[in-house]
Amino acid sequence: MLEECFQLYTSEERLGPSDAWYCPNCRRHQQGTVKRLSLWTLPEILVIHLKRFKQVSPTRRTKLHTLVRFPISDLDMTPHVEGHSVAGDVSVVSEGDENIYDLYSVCNHHGGMAGGHYTAYCLNPVSNQWNSYDDQYIQPLKESAIVSRGAYLLFYAKRNPNSANSAKQFRHWVDQMPQFRLQPETPDADTGGSSAKCDMVESAV
């Protein structure tokens, strides 16, 4: 589960002899130091990198095929953010704060160390349909197929606090690109063929 990954990522780690901390005051490597990673703020776009490659020896690495289940929507990051007050066992964030994320893309890695291939699953912001992208091939994708052992990078968008569905409120990067217009094909004197030209259309965003 992705939730367990976050718990391990933010848990305390006692440094051993191989990764002892060097103290600048006494100028010695100190063992037993406790290291802990914390999240204090959250971005609008949250990119989660799953560890798929493991160093098993100084000269050899291996591919990890562990299935990590992650939510398509309603990823609540509140329990993993430092500085929020706690009432009993319930985490309380400041009024108006939102730490809910919805998935909009997944980068997959297929194969192993000898060779691999990347594909992508993306949510179309207009049709709200998930699609699979494999080189030049695009086809519709069921939500039940999004979570797989090949998931490598997860892309989440922070939900608009005033919206029940961030897919409708989140301003997709496609909408932020300048508009383009494809001109008709024109003969190419050098090659004997034809080519099309793409011009940018200036417009107010």
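Residues numbered from 1 in each chain as written. Predicted model: local features only at pLDDT ≥ 70, side-chain atom pairs only at ≥ 80, totals over all residues. Heavy atoms only, no water.

1. Here's the deal with the overall build of the chain
And step 1. Across its full length, the chain holds three helices and 19 strands.
And step 2. By the burial criterion, 25% of the 205 residues in the chain qualify as buried.
And step 3. Long-range pairs, those at least 24 residues apart, make up 54% of the contacts in the chain between residues at least 6 apart in sequence.
And step 4. On the chain, roughly 14500 Å² of surface is accessible, and the fraction owed to carbon and sulfur atoms is 51%. (Helix = DSSP H or I, 4+ residues; strand = E, 2+ residues; numbered from the N terminus. Buried < 20%, exposed > 50% of the residue type's maximum accessible area, 1.4 Å probe, protein only. Contact = heavy atoms within 4.5 Å. Areas by Shrake-Rupley, 256 points an atom, 1.4 Å probe, with all protein chains shown as cover.)

2. Concerning the nonpolar core
And step 1. The biggest cluster of nonpolar side chains holds 25 residues, and the ones touching the most others in it are Leu2, Ile48, Phe70, Leu103, Ile146, Leu154 and Tyr156.
And step 2. Contributions of two or more residues to this core are made by helix H1 (2-9), strand E5 (45-49), strand E11 (100-111), strand E12 (116-123) and strand E15 (151-158).
And step 3. For Ile48, the contacting residues outside a window of four places in its chain are Leu2, Phe6, Leu75, Tyr152, Leu153, Leu154 and Tyr156. (Core = buried A, V, L, I, M, F, W, Y, C linked by side-chain atoms within 4.5 Å.)

3. Some points on the pairing of E15
And step 1. Among the eight residues of E15, six are classified as buried, and the element is accordingly described as predominantly covered.
And step 2. With five bridges connecting them, E5 and E15 associate as antiparallel partners. What sits directly across from Val47, in E15, is Phe155.
And step 3. Two strands pair when backbone bridges link them, and E11 and E15 are joined in this way by seven bridges, in the antiparallel orientation. Bridge assignment links Cys107 to a residue of E15, and that residue is Leu153. (Pairing = 2+ DSSP bridges.)

4. Considering the pattern of salt bridges
And step 1. The final tally for this structure, using the stated rule, is three salt bridges.
And step 2. Put simply, Glu82 and Arg36 hold a salt bridge, and the shortest N to O gap is 2.6 Å. Placement of the pair is Glu82 in the loop between strand E8 (75-76) and strand E9 (85-87) and Arg36 in the loop between strand E4 (34-35) and E5, with a sequence separation of 46 residues.
And step 3. Looking at Glu82, the relative accessible area reads 23%, which means it is partly exposed.
And step 4. When salt bridges with common partners are traced through the structure, they connect Asp74, Asp102 and Arg159 into a single cluster. (Salt bridge = Lys/Arg side-chain N within 4 Å of Asp/Glu carboxyl O.)

5. Observations concerning the layout of surface pockets
And step 1. Its boundaries defined by the atoms lining it, the largest pocket holds a volume of some 510 Å³.
And step 2. If you go around the largest pocket, you meet 20 residues; those closest to its centre are Cys5, Ile48, His49, Leu50 and Lys51.
And step 3. Where the lining of the largest pocket is concerned, the elements lending two or more residues are H1 and E5.
And step 4. When the residues that make up the lining of the largest pocket are grouped by side-chain class, the tally is 14 nonpolar, three polar and three charged. (1 Å grid on protein atoms, 1.4 Å probe; cavity = no way out; pocket = protein on both sides within 12 Å on 5 of 7 lines; lining within 4 Å. Points joined across faces, edges and corners; volume = space filled by probe spheres on them. Nonpolar A, V, L, I, M, F, W, Y, C, P; charged D, E, K, R; others polar.)

6. Comments concerning the side chain of Thr10
And step 1. The residue Thr10 is located in the loop between H1 and strand E1 (13-14) in this model.
And step 2. Here the side chain of Thr10 touches Phe6 through a polar contact of 2.9 Å, landing on its backbone oxygen.
And step 3. Dropping the residues within four chain positions of it, Thr10 is found in contact with Arg36 and Leu37. (Polar contact = N/O pair within 3.5 Å; in protein donor to acceptor, adjacent residues only side chain to side chain.)

7. Remarks on the confidence of the model for the chain
And step 1. The pLDDT averaged across the chain works out to 78; a share of 71% of its residues lies at or above 70.
And step 2. A low-confidence stretch, residues 85-96 stays under pLDDT 50, and its non-local contacts, those more than four residues away or across chains, total twelve contacts. (pLDDT = per-residue confidence, 0-100.)

8. Here's the deal with unusual backbone geometry
If a residue is not glycine, its phi is most likely negative; likewise, a peptide bond is most likely trans.
And step 1. The backbone phi angle of Arg27 is positive, close to 60°, even though this residue is not glycine.
And step 2. Mapped onto the fold, Arg27 is located in the loop between strand E2 (21-23) and strand E3 (28-30).
And step 3. When its relative accessible area of 65% is taken as the criterion, Arg27 is described as exposed.
And step 4. Notably, Asp74 is not glycine yet its phi reads approximately 60°, a positive angle.
And step 5. In this structure, Asp74 sits in the loop between strand E7 (60-63) and E8.

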